[in-house]
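Overview (structure and organization)
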Amino acid sequence: MLAGAAALAGATATGAATAGTAQAATGTDRAERRDRTVVFRNVRPFGAARATDLVVDDGRISDGPAPHGAKVVDGGGRIALPSLVDAHIHPDKTTWGGSWVSRRPASTIADYVAQDVDLFRAQHRPVAERAYGLMSHAVARGMRAHADVAPAYGLAGVEGLAEARERLRHALDVQIVAFPQHGVIRTPGTAALLEKAAREGVIDMIGGIDPIGFDHALDEQLDVVFGIADRHGVGVDIHLHDRGEKGMQAMRGIVERTRALSLAGKVTVSHVFCLPGLTDSELGSIATDLGEQDIALTTVAPSDSLVLPIARLREHGVRVGLGSDGVRDSWSPFGDADMMHRAHILGWVTDVRLDDELSECYRVATHGGADVMGLAHADFRPGSPADFVLVQGECVPQVVVDMPRRDVVVHGGVVVARDGVFLA
């Protein structure tokens, strides 16, 4: 009997200890979930008539209740909108935050390229500092950043952007393109630098520029660019300003190499000024090829005659994103890296008037860019990334027109900017 009692007492003690450990573990789990959960109270997703609460758990939208004691951010009835994505920008060239720069007359890419070099040499601030200043000002959700690679710079541009990207990793998803602004073939030494950038793993994509109109070497340039991408497992993003048959010949070469190297989903063509002037049947033919090879396009909406026919391209499954291009560089004194402003410009140059048309401009600046960069849509559905902005306004069309200040910017459920000021 004594032995049995002792055994029972031991079992009871062990059971009590186990239960206590389980309760402690449960309490720890609850505390951990409370710490990583944020409730954005009184917000209106996409301008809904009635305000609601957004529960964010571990950086993603949750459809479950928030734990007691979770952090609360009051939205004050503001509209919650997906964060914007800049699918095409050149932060390495910017003079943002510096002294005014007077620009000389220029009419060709070669003229601008020469001024790029002069401006680069005249800058007292390194690329990393200037790029960080611009990118932290933009505080978009994602950004595809092009950095010039040429013998005049070496890899200073991509290395500077990589440094800025690391400093901003908590607030911004950045892809870096090694961009041969001076040409791949016409400037000896550039191809070797592109190869080095890809080999060292500091870039996500290899760029190209007007294989016919600027480099005068269609097959040679495309073979170099696509060869590097294939060898090192990176993507391709080619600037194509050539219009008419020059541009279309380059497009056919890009499609052929994408198909031959099985690079579907990894190729982007930027600007693509040869597409807006096509007939409907011609556009349908090339759009079918682009859709089949999943080749993405980007536009910066420079004018009504050069902006891409986005709706028609989307009918063929072509991913189209919007970008801000250069910002206060040797090419232009204009630009602010504000993608809400760029959505406004897209609506302005395409002369839209209807609510659904204005809302589509915002969609291109958010989900369109996300599609180009391979990011999930931040659409407030359960499980989607908690990347959004809070603004004062009535509805999405009115926001596109009035461009209100982003009062709160959220990335991964964390407030990274407030009242237009980046929280480093």
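Use the structure listed above.
Every chain is numbered independently, its residues counted from 1 as its sequence is written. Where totals are concerned, whole chains, interfaces and linings use all residues; where local detail is concerned, this predicted model gives features only for residues with pLDDT of at least 70, and gives and counts side-chain atom pairs only at 80 or more. Note that water and hydrogens are dropped before the side-chain values are worked out from all heavy atoms of the structure.

**Regarding the packing of helix H6 (residues 218-232) against helix H7 (residues 244-260)**
- One can describe the packing of H6 onto H7 by two numbers: an axis separation of 11 Å at closest approach and a directional angle of 35 degrees. Relative to H7, the crossing made by H6 is right-handed. For the pair H6 and H7, contact is made by Leu218, Asp219, Leu222, Asp223 and Phe226 and by Gln249, Ala250, Gly253, Ile254, Arg257 and Thr258, respectively.
- Residues are grouped as follows: nonpolar covers Ala, Val, Leu, Ile, Met, Phe, Trp, Tyr, Cys and Pro; charged covers Asp, Glu, Lys and Arg; every other residue, Gly included, is treated as polar. Taken together, the residues of the contact of H6 with H7 break down into 5 nonpolar, 3 polar and 3 charged. Each axis is a line fitted through C-alpha atoms, and for a helix only the stretch in contact is used; angles between axes span 0 to 180 degrees, taken between their N-to-C directions. The secondary structure listing takes helices from DSSP runs of H or I that are at least 4 residues long and strands from runs of E that are at least 2 residues long, numbered from the N terminus. Note: crossing handedness is left-handed where the near helix turns anticlockwise from the far helix by less than a right angle, and right-handed where it turns clockwise. Residue contacts are counted whenever heavy atoms from the two residues lie within 4.5 Å of one another.

**What about helix H5 (residues 190-199)?**
- Think of it in three bands: residues with accessible area under 20% of the maximum for their type are buried, residues over 50% are exposed, and the middle band is partly exposed, with areas taken using a 1.4 Å probe on protein chains only. For H5, every residue scored as buried is listed here: Thr190, Leu193, Leu194, Glu195, Ala197 and Ala198.
- The elements touched by buried residues of H5 are strand E8 (173-179), strand E9 (205-209) and H6.
- At the C-terminal side of H5, Gly201 shows a positive phi close to 75 degrees.

**Concerning the environment of His170**
- Within the element layout of this structure, His170 appears in the loop between helix H4 (156-167) and E8.
- Each C-alpha atom of the pair His170 and His271 lies 30 Å from the other, and the pair is 101 residues apart in sequence.

**Quick notes on the layout of surface pockets**
- Buriedness for pockets is judged along seven lines, at least five of which must meet protein on both sides within 12 Å for an open set on the 1 Å grid over protein atoms alone, while cavities are sets there where a 1.4 Å probe fits but cannot get out, and lining residues have an atom within 4 Å of a point. Grid points are joined across faces, edges and corners, and a volume is the space filled by probe spheres set on the points. The calculated volume of the largest pocket comes to roughly 660 Å³.
- Lining the largest pocket are 29 residues, with Val300, Asp325, Gly326, Trp331 and Ser332 positioned closest to its centre.
- Looking at the lining of the largest pocket, the elements that each hand over two or more residues are helix H2 (109-122) and helix H10 (339-349).
- When residues in the lining of the largest pocket are grouped by element, the largest group, 3 residues, is from H10.
- There is about 390 Å³ of room inside the second largest pocket.
- Every residue lining the second largest pocket is counted, 21 residues in all, and those nearest its centre are His137, Ala138, Val139, Arg406 and Gly420.
- Looking at the lining of the second largest pocket, the elements that each hand over two or more residues are helix H3 (127-138), H10 and strand E17 (421-422).
- If you tally residues by element for the lining of the second largest pocket, the top one is H3, at 4 residues.
- A class-by-class count of the residues in the lining of the second largest pocket yields 12 nonpolar, 5 polar and 4 charged.

**Concerning H3**
- Every helix has an expected span of 1.5 Å times one less than the residues it contains. An ideal rise of 1.5 Å per residue puts 16 Å on 12 residues; H3 measures up with 16 Å between its terminal C-alpha atoms.
- Extensive coverage of H3 is indicated by the burial of 9 of its 12 residues.
- Listed as buried for H3 are Val127, Ala128, Arg130, Ala131, Tyr132, Leu134, Met135, Ser136 and Ala138.
- Residues of H3 that are buried in the fold lie against strand E6 (85-89), H2, strand E7 (142-148), H4, E8 and E17.
- In the segment just after H3, Val139 is the residue with positive phi, at about 40 degrees.

**Points about unusual backbone geometry**
- The residue Asn42 is not glycine, and still its phi comes out positive at about 60 degrees.
- Among the structural elements, Asn42 can be located in strand E1 (residues 37-45).

**Quick word on the pattern of salt bridges**
- Here a salt bridge means any side-chain nitrogen of Lys or Arg lying within 4 Å of a carboxyl oxygen belonging to Asp or Glu. Evaluation of the coordinates by the stated rule reveals 23 salt bridges.
- Arg141 serves as the salt-bridge partner of Asp387, at 2.9 Å between the closest nitrogen and oxygen. One end of the pair, Asp387, is in the loop between helix H11 (355-373) and strand E14 (388-391); the other, Arg141, is in the loop between H3 and E7, with 246 residues separating them in the sequence.
- For Arg141, a relative accessible area of 4% gives the class buried.
- Across the pair Glu360 and Arg314 runs a salt bridge, and its minimum N-O distance is 2.8 Å. Here Glu360, found in helix H11, pairs with Arg314, found in helix H9 (residues 310-314); they are 46 residues apart in sequence, far enough to count as distant.
- Bridged by salt links that share partners, the residues Arg78, Arg405, Asp407 and Asp419 form one connected network.

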